[in-house]
Amino acid sequence: MEQTRKMQRTIIGYIPAESPMYALHPVARLILFLATGLLPLFIEAPEYNVLFIIIIFFMLKYSHVNLSRLKIFLPMMITVGIIINLTYFFFPINTEEGLIIFSIGRFNAHFHSFMWAMSIYIRIIALLLASIFYFSTNRERDILVGFRTLGFPFIVSYFFGLILRSAGIFLEDYAIIREAEQARGLDVRNLSFGGKVKHFSMYLVPLFTLSIRKCEDISIGLFSKGTELSGKVDGKKRPDYLKHKMKLQRTDKWIIATIIAASLAVVYFDLVVDSFSLENAWLYRTLRHTWFNL
Amino acid sequence: MEKSKIIEVKDLVFCYPDGTKAIEDISIDFYDGEFIAFIGTNGCGKTTFSKCLNGILKATSGTIKVNGIDVVHTKDCTELVKNIGYVFQNPDHQLFNNNIYDEIAYAPRNLRIPEDEVKQRVTEAAAIAGVTPEVFEEHPFFQVKGIRQRIAIASILSLRPKVIIVDEPTTGQDYKQSIEVMEFLKMLNEKHGHTIIIITHEMDIVAEYAKRVVVMTGGRVLSEGSVQEVFAQTELLEKANIKPPQVTRLAQRLESVGFDNNIISPEKMFEQWRQLAKQPVGK
């Protein structure tokens, strides 16, 4: 088959084969993901996490990820936002201050609860976008090489590899099932949100049945190959072809060092200086002053 | 009487998101009531081409018309599915209702057809597909593969499409089941007038059931014509890594003693052998 623009299939999409991300060693990409995904959890101040989100958007653009694909995550982002806000509305925290933004019946929207919900939501979105970035720019093998290079035990990387493969098979089956629905006259685009949810639940029957059948096939396959879940074969260290093939370059080492230094700085400023707490956040203080003149 | 065109394909090109050009400049017409087989090696574009025909995959460029409907540009898939149905290779991908009745009724209900007519269509499609009403309340997933395949076909038949595409109808089935499915498709073609397109690797099935063959390689149509015409093109088939049925190959080896090179059935081979045997030696 002839190729037009060469694209590389990743866990959740395609990016051009010449994407700058491929210049980096998988372990550098894994550490970048861990930093962008985990650091927002140390930061309560929403404005810093918004900054993180902007940085991730720049990275998505720089890596030539098709940003229109983010649309499919919108329903999830909205649902998470609604659930978190409702939770903090009905089960508020730090109510002793008595700063109430509005009331519905006997329920009050407390300022601190509202800000805390916002902080958690933005952290989750930052984590979600970091995950989308990572899985949009990496293949299964890149992730496994990253794991093995970092010294994760064979069994951990092997199970993670199986999970990723199952996710890929699941998404492939999902796409075929949607095609089958379209072939029977259902255009999902014309459905209401409720209709889409109802139809998604219908997909679960074939998806789970197919997954169970495939899980059984995989386990039989592993058994028939005499798979041992150990990092050693016949007492010797298990050979690793891909790990041997991909070597860390000087650029990778610099990037890893920079990310680790930046991460340590964030942890230091959070735990020792308390720079990223919600109460010290600029947005928190500004809104508190604007709404309550405090 | 000249048959009318049911599918018109012109300069069709399709590229996958990874940049692979799966279909390259295909122009071909299909006629009402034909029984067509798409053959070729894995990855030659048979399935992609057939998915383009019913709009599941949107062509990158070119035009496809099915019964006058512009498949490439139409946004309304409901009109399209009334004309062309697609049965997937694995029935498990297209069964998602909790009972067989709802499964067969699913497509007509999507078209907002009144429930009385839906019932009529389900009964009719199930009868044609050999699915008895006694199993209507059972879950489609707990049937054997042959029955699941029939339910999948019935769920498309209830749309009453003019064209039915069946992707590898005999894969994973034993000889008896394969013959049953193919006889069923033959009946749909001959008795009910459906145009049938099958995608297959089984040349014996092609020789026995198809009336026209499309040979594909590298996303292009390498050759097309009647089964006899195509199977007689030995060099061309070799290029596409396709072996004609054994009986055809035997006849081709015996061409020097008077056999035709396009024999596709043992019956025809035997008949010609008898004719040749009656001729005086040396003629």
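Calculation criteria
Residues numbered from 1 in each chain as written. Chains lettered and ligands numbered in written order. Predicted model: local features only at pLDDT ≥ 70, side-chain atom pairs only at ≥ 80, totals over all residues. Heavy atoms only, no water. Phe/Tyr/Trp six-rings, centres within 6.5 Å; stacked < 30°, edge-to-face > 60°. Helix = DSSP H or I, 4+ residues; strand = E, 2+ residues; numbered from the N terminus. Buried < 20%, exposed > 50% of the residue type's maximum accessible area, 1.4 Å probe, protein only. Contact = heavy atoms within 4.5 Å. Buried area = accessible area lost by both parts, 1.4 Å probe. Salt bridge = Lys/Arg side-chain N within 4 Å of Asp/Glu carboxyl O. Polar contact = N/O pair within 3.5 Å; in protein donor to acceptor, adjacent residues only side chain to side chain. Nonpolar A, V, L, I, M, F, W, Y, C, P; charged D, E, K, R; others polar. Domains from an automatic or database assignment. Pairing = 2+ DSSP bridges. Axes fitted to C-alpha atoms, helices over the stretch in contact; angles between N-to-C directions. Core = buried A, V, L, I, M, F, W, Y, C linked by side-chain atoms within 4.5 Å.

A.B. asks: Would you mind going over the packing of aromatic side chains in detail, with residue names and values included?
C.D. replies: Residue and element names in this part refer to chain A. Counted by the stated rule, this structure contains 24 aromatic pairs over all chains. Geometrically, the ring pair formed by Phe90 and Phe107 is edge-to-face, given 4.7 Å between the ring centres and 85° between the ring planes. One end of the pair, Phe90, is in helix 3 (residues 74–90); the other, Phe107, is in strand 5 (residues 107–110), and 17 residues separate them in sequence. Exposure remark for Phe90: the relative accessible area of 37% places this residue in the partly exposed category. Given a relative accessible area of 29%, Phe107 falls into the partly exposed group.

A.B. asks: Account for the interface of chain B and chain A, with residues named and values stated.
C.D. replies: Contacts between the two partners involve 43 residues from chain B and, on the opposite side, 28 residues from chain A. Here chain B meets chain A over a buried area of about 2900 Å², counting both sides, of which 58% is carbon and sulfur. Applying the counting rule to chain B against chain A returns 2 salt bridges. In this structure, B:Glu103 engages A:Arg184 in a salt bridge whose closest nitrogen and oxygen atoms are separated by 2.9 Å. Inspection of the region where chain B meets chain A yields 7 residue pairs in polar contact (both at pLDDT 80 or more). Sorting the residues of the side of chain B that touches chain A by element identifies strand 2 (20–31), helix 2 (77–83), helix 3 (100–110) and helix 5 (145–157) of chain B as the ones contributing at least two each. Classifying every residue of the side of chain B that touches chain A gives 18 nonpolar, 17 polar and 8 charged.

A.B. asks: If you had to explain the domain arrangement of chain A to someone new, which residues and values would you point to?
C.D. replies: One frequent convention defines the size of an interface as the accessible area lost when the parts assemble. Residues and elements named next belong to chain A. Split by domain assignment, chain A resolves into domain 1 (7–151 + 246–292) and domain 2 (154–230). The distance between the C-alpha centroids of domain 1 and domain 2 comes to 27 Å. The three residues of domain 1 that bury the most area against domain 2 are Glu140, Phe147 and Arg148, which together make up 47% of that side's buried surface. Linking domain 1 with domain 2 are 1 salt bridge.

A.B. asks: Mind laying out the side chain of A:Asn138, listing which residues take part and the relevant values?
C.D. replies: Residue and element names in this part refer to chain A. Residue placement: Asn138 occurs in the loop between helix 4 (111–137) and helix 5 (140–149). Asn138 gets classed as buried once you look at its relative accessible area, which sits at 0%. Looking at Asn138, its side chain comes within polar contact range of the side chain of Arg29, at 2.9 Å. Here Thr137 takes part through its side chain, which lies 3.3 Å from a polar atom of the side chain of Asn138.

A.B. asks: Quick one: what's the story with the sheet that holds strand 9 (residues 212–217) of chain B, residue by residue and with numbers?
C.D. replies: All names here are of chain B. Here 6 strands make up an open sheet; going across it, the order is 6-7-8-3-9-10 and the pairing mixed. Two strands close off the open sheet at either side, each with one partner strand: strand 6 (84–87) and strand 10 (220–226). When strand polarity is set aside, the average angle formed by the axes of neighbouring strands in this sheet is 15°. Across 5 bridges, strand 7 (residues 163–167) lies against strand 8 (residues 195–199) in parallel orientation. Paired with Asp167 across the bridge in strand 8 is Ile199. Of the strands in this sheet, strand 3 (35–39), strand 6, strand 7, strand 8 and strand 9 touch helix 1 (residues 46–53), which is tilted by about 135° from strand 3. Of the strands in this sheet, strand 3, strand 7 and strand 8 touch helix 6 (residues 175–190), which is tilted by about 150° from strand 8.

A.B. asks: Explain the nonpolar core to me, and be specific about the residues and the numbers.
C.D. replies: Ranked by internal contacts, the top residues of the largest apolar core, which has 54 residues, are B:Leu185, B:Ile198 and B:Phe231. If near-sequence neighbours (up to four positions away) are discounted, B:Ile198 is found in contact with B:Phe35, B:Ile36, B:Ala37, B:Phe38, B:Val166, B:Pro169, B:Met182, B:Leu185 and B:Ile205.

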